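Structure assessment
So you can see what is in the structure, the chains are spelled out below.
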Amino acid sequence: AQSVTQLDSQVPVFEEAPVELRCNYSSSVSVYLFWYVQYPNQGLQLLLKYLSGSTLVKGINGFEAEFNKSQTSFHLRKPSVHISDTAEYFCAVSEGNQGGKLIFGQGTELSVKP
Amino acid sequence: DAGVTQSPTHLIKTRGQHVTLRCSPISGHKSVSWYQQVLGQGPQFIFQYYEKEERGRGNFPDRFSARQFPNYSSELNVNALLLGDSALYLCASSWDRGRGPYEQYFGPGTRLTVT
């Protein structure tokens, strides 16, 4: 069965420092991978997605992620974070033709300090 | 263009009552999915509807039901509310034509509190 594990529940980091949010998944079939961001009291906004092709994908707000099939990982990175990046980040997968069903991880709370 | 809209924004209900949540997808999107997000957790898939037919169902009891209308808007119904149904209910729409994947666009959610 599909599952998604976000390895860190909270990540504190200072402004302008680099950050990596880790995500591992398990699936027996081809998967498609997503990172979403959720600001307080709001819905989810798509940061980036991996569907096929290049394993390094770039998203909005300077974020990027690398799909590693052998390690079943899809870690999110940003070289320099800003206070406004403080939010909850969710990794999600969907399988095959089940595009309407996303399986989410538990989330990582990114806290950027001045 | 308007994004996914949901109503109401907040709702307080008593145990045992029934609730109906509403969602309007982005114009042109024919697929709507519903998710439940309990505080401190990731969203969990409840239903997907495409062209008014149920495409998928998550691991939720029969107290949860949904439907999609000809204009592709959708309703999520929950009967016999329990305290554990308190959550943020998210609606997402996409272009999904069954050959996925398609990017899902989320609404702001409805915060349901059951007392």
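Above this text you will find the structure in question.
Described in the following lines is the structure provided in the data block. (Residues numbered from 1 in each chain as written. Chains lettered and ligands numbered in written order. Predicted model: local features only at pLDDT ≥ 70, side-chain atom pairs only at ≥ 80, totals over all residues. Heavy atoms only, no water.)

**Things to note about the overall build of chain A**
Helix and strand counts for chain A come out as zero helices and 12 strands. The linear arrangement of helices and strands in chain A, starting from the amino end, is β-β-β-β-β-β-β-β-β-β-β-β. Computed over the C-alpha atoms, the radius of gyration of chain A is 14 Å, within 12% of the 13 Å expected from 2.2 N^0.38 for a compact globule of 114 residues. When each of the 114 residues of chain A is scored for burial, the buried share is 46%. Once local pairs closer than 6 in sequence are excluded, the contacts in chain A between residues at least 24 apart make up 56%. Carbon and sulfur atoms provide 49% of the accessible area of chain A, an area that totals close to 5,500 Å². Charge-centre separation for chain A: the mean point of 8 positive side chains lies 7 Å from the mean point of 10 negative side chains. (Helix = DSSP H or I, 4+ residues; strand = E, 2+ residues; numbered from the N terminus. Rg over C-alpha atoms; globule rule 2.2 N^0.38 Å. Buried < 20%, exposed > 50% of the residue type's maximum accessible area, 1.4 Å probe, protein only. Contact = heavy atoms within 4.5 Å. Areas by Shrake-Rupley, 256 points an atom, 1.4 Å probe, with all protein chains shown as cover. Lys, Arg positive; Asp, Glu negative; His and termini not counted. Charge placed at Lys NZ, Arg CZ, Asp CG, Glu CD.)

**Side note on the overall build of chain B**
Summing up its helical and strand segments, chain B has zero helices and 11 strands in all. Listing each helix as α and each strand as β along chain B from the N terminus yields β-β-β-β-β-β-β-β-β-β-β. For 115 residues, the compact-globule estimate of 2.2 N^0.38 gives 13 Å, and chain B sits close to it at 13 Å. Over its C-alpha atoms, taken along the principal directions, chain B stretches across nearly 40 × 30 × 30 Å. Long-range pairs, those at least 24 residues apart, make up 53% of the contacts in chain B with a sequence separation of at least 6. Counting only carbon and sulfur atoms, one obtains 47% of the accessible surface of chain B, whose full area is about 5,600 Å².

**A few points about the state of the cysteines**
Applying the stated criterion across every chain yields a total of two disulfides over all chains. The disulfide that involves Cys23 of chain A links it to Cys91 of chain A, with 2.0 Å between the sulfurs. Judged by the sign of its S-S torsion, about -65°, the cystine formed by Cys23 of chain A and Cys91 of chain A is left-handed. Of this pair, Cys23 of chain A sits in strand S4 (residues 23–26) while Cys91 of chain A sits in strand S10 (residues 87–95), placing them 68 residues apart in sequence. Using a relative accessible area of 0% as the deciding quantity, one classes Cys91 of chain A as buried. Two residues share a disulfide in this structure: Cys23 of chain B and Cys91 of chain B, whose sulfurs sit 1.8 Å from each other. (Disulfide = S-S within 2.5 Å.)

**Focus: the nonpolar core**
Grouped together as the largest cluster of nonpolar side chains are 27 residues, with contacts concentrated most on Leu33, Trp35, Leu47, Leu48, Phe74, Leu76 and Tyr89 of chain A. Membership of the second largest hydrophobic core comes to 22 residues, among which are Leu11, Cys23, Trp34 and Leu81 of chain B. (Core = buried A, V, L, I, M, F, W, Y, C linked by side-chain atoms within 4.5 Å.)

**Quick look at the pairing of strand S6 (residues 53–57) of chain B**
Residues and elements named next belong to chain B. Taken together, the four bridges between strand S5 (residues 44–50) and S6 define a ladder with antiparallel strand orientation. Bridge pairing in S6 links Phe47 to Arg57. Linkage of S5 to S6, two consecutive antiparallel strands, is achieved through a turn of two residues, within which Glu51 is found at a positive phi near 50°. (Pairing = 2+ DSSP bridges.)

**Points about the layout of surface pockets**
There is about 340 Å³ of room inside the largest pocket. Surrounding the largest pocket, 18 residues form its lining, Gln38, Pro40 and Glu88 of chain A together with Gln37 and Leu39 of chain B being those nearest its centre. Its residues placed into classes, the lining of the largest pocket shows seven nonpolar, eight polar and three charged. Considering only enclosed or pocket space, the second largest pocket measures out at about 290 Å³ in volume. For the second largest pocket, the lining is made up of 14 residues, of which Ile103 of chain A together with Pro43, Gln44, Phe45 and Phe60 of chain B are closest to its centre. (1 Å grid on protein atoms, 1.4 Å probe; cavity = no way out; pocket = protein on both sides within 12 Å on 5 of 7 lines; lining within 4 Å. Points joined across faces, edges and corners; volume = space filled by probe spheres on them. Nonpolar A, V, L, I, M, F, W, Y, C, P; charged D, E, K, R; others polar.)

**Let's talk about the side chain of Ser31 of chain B**
Examined against the element boundaries, Ser31 of chain B turns out to sit in strand S4 (residues 31–37). A polar contact is formed between the side chain of Ser31 of chain B and the side chain of Gln48 of chain B, at a distance of 2.8 Å. (Polar contact = N/O pair within 3.5 Å; in protein donor to acceptor, adjacent residues only side chain to side chain.)

**Quick look at the interface of chain A and chain B**
The interface of chain A with chain B comprises 21 residues on the first partner and 22 residues on the second. Of the roughly 1,600 Å² buried between chain A and chain B, counting both surfaces, carbon and sulfur atoms make up 55%. On the surface where chain A and chain B come into contact, there are one salt bridge. One salt bridge in this structure joins Glu103 of chain B and Lys49 of chain A, with 2.6 Å as the shortest N-O distance. Joining chain A to chain B, the criterion identifies four residue pairs in polar contact (both at pLDDT 80 or more). If you list the elements that add at least two residues to the side of chain A that touches chain B, you get strand S5 (31–38), strand S6 (44–50) and S10 of chain A. A total of four residues in the side of chain A that touches chain B trace back to one element, the largest contributor, which is S5 of chain A. Counted by class, the side of chain A that touches chain B contains nine nonpolar, 10 polar and two charged residues. (Buried area = accessible area lost by both parts, 1.4 Å probe. Salt bridge = Lys/Arg side-chain N within 4 Å of Asp/Glu carboxyl O.)

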